[in-house]
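# Understanding the architecture of this molecule
Listed here are the chains, written in short residue letters.
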Amino acid sequence: MTPDPVASNEPPPHPAGTTLREGRYRLRQKLGQGGMGSVYLAEDMLLPGRLVAIKENLTASDDAQGQFKREALLLARLRHPNLPQVMDYFIETDGKQYLVMDYVPGENLAQILKQRQGPLPVSEALAIVEQVMLALGYMHTWRDPDSGKLRPIIHRDIKPANIKRMPEGRVVLVDFGIAKVDSGTMTATVLSAKALTPGYSPLEQYGGGTDARSDIYSLGATLFALLTGKAPPSATDMAMAGSKQKAPL
């Protein structure tokens, strides 16, 4: 994930060597910082040498903890080659929540764009997006194996920084810190206001409501960035521009 502005009253990050959950996970380094917490590279001390990524959520309210637990249990049931495996979760005594996932090596698309200093070739961009579409197709049509009911999983933060390409070329959609289970309608959550990324967040996310179409918008914005090498226009700017928008790319 890319660094986002963080409020000055936010607690300092955990230093390297800190252990979490009764000493099981030893933090090695901070991989990213966002408005809702940090992402850390850690080693699972029960399985020495196994690296994991730990996503932190600083919102410590009872509602946030309850929502986190429900969604962590659901995300742990997802299995797809273009998604990281969620393997554990825990809540510390101070109310902070942690989601433990496979560590995905490689560079994210924001880093690749910066290195290229320009757009990607069309064939390369489409090959990347196609793999993300496979992940979204799986998430958006996921059925609860117990009830058989359709329970779409909405990622809600698709952007170049949250898409990694592994050394062998496999593309993985990462950072499930703000994923949401869709009830079948446009649902509001207390987390959505903090989950905005201008240019990639659709207009409805500013009001708190998201569904599968929101992820499709964000993926389209990501493709725009890959094909132009530029940040996409924000949804609010486009909404205000109306018919004055420039011609399509």
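Notes on the structure in this doc start here. (Residues numbered from 1 in each chain as written. Predicted model: local features only at pLDDT ≥ 70, side-chain atom pairs only at ≥ 80, totals over all residues. Heavy atoms only, no water.)

### What to know about the pattern of salt bridges
- The final tally for this structure, using the stated rule, is 14 salt bridges.
- Residues Arg-151 and Asp-144 are paired through a salt bridge, measuring 3.5 Å at the closest nitrogen-oxygen approach.
- Overall, the relative accessible area of 30% leaves Arg-151 in the partly exposed class.
- Look at Asp-144 and you get buried, because its relative accessible area is 8%.
- Salt bridges sharing partners connect three or more residues here, namely Arg-21, Arg-24, Asp-44 and Asp-88. (Salt bridge = Lys/Arg side-chain N within 4 Å of Asp/Glu carboxyl O. Buried < 20%, exposed > 50% of the residue type's maximum accessible area, 1.4 Å probe, protein only.)

### What about the side chain of Gln-65?
- Following the sequence through the fold, Gln-65 ends up in helix α1 (residues 62-75).
- When residues no more than four places from it in sequence are discounted, the contact partners of Gln-65 are Ala-60, Ile-91, Gly-95 and Gln-97. (Helix = DSSP H or I, 4+ residues; strand = E, 2+ residues; numbered from the N terminus. Contact = heavy atoms within 4.5 Å.)

### Focus on the packing of aromatic side chains
- Considering all chains together, one arrives at three aromatic pairs under this definition.
- The interplanar angle of 10° and the centroid separation of 5.9 Å between the aromatic rings of Tyr-25 and Phe-90 together place this pair among those described as stacked. Placement of Tyr-25 in strand β2 (residues 25-34) and of Phe-90 in strand β5 (residues 86-91) is noted, with a sequence separation of 65 residues between them.
- Aromatic side chains Phe-90 and Tyr-98 sit 5.1 Å apart centroid to centroid with 15° between the ring planes, which places their arrangement in the stacked category. Neither Phe-90 nor Tyr-98 differs from the other in exposure class; each is buried.
- Pairwise contacts between aromatic rings join Tyr-25, Phe-90 and Tyr-98 into one cluster. (Phe/Tyr/Trp six-rings, centres within 6.5 Å; stacked < 30°, edge-to-face > 60°.)

### Considering the nonpolar core
- Counting residues in each nonpolar core, the largest one holds 31 residues, and the members touching the most others are Ile-163 and Leu-226.
- Looking at this core, the elements with two or more residues in it are α1, β6 (97-102), α2 (109-116), α3 (122-140), β10 (171-173) and α5 (212-228).
- Counting residues per element, this core draws most heavily on α3, at seven residues.
- Setting aside residues no more than four positions away along its own chain, Ile-163 makes contact with Glu-107, Asn-108, Leu-109, Ile-128, Val-132, Ile-158, Val-171, Val-172, Leu-173, Val-174 and Thr-222.
- Among the nonpolar cores identified, the runner-up in size contains ten residues, and Leu-20, Tyr-40, Ala-42 and Val-100 belong to it. (Core = buried A, V, L, I, M, F, W, Y, C linked by side-chain atoms within 4.5 Å.)

### Structural notes on the sheet that holds β10
- The antiparallel open sheet is built from three strands, whose spatial order is β7-β9-β10. Looking at which strands have only one partner, the edges of the open sheet turn out to be β7 (107-108) and β10.
- In terms of strand pairing, β7 meets strand β9 (residues 163-165) through two bridges, oriented antiparallel. Among the inter-strand pairings, Asn-108 is bridged to a residue of β9, identified as Lys-164.
- The strands that α3 touches are β9 and β10; relative to β10, the one it contacts most, it runs at about 45°. (Pairing = 2+ DSSP bridges. Axes fitted to C-alpha atoms, helices over the stretch in contact; angles between N-to-C directions.)

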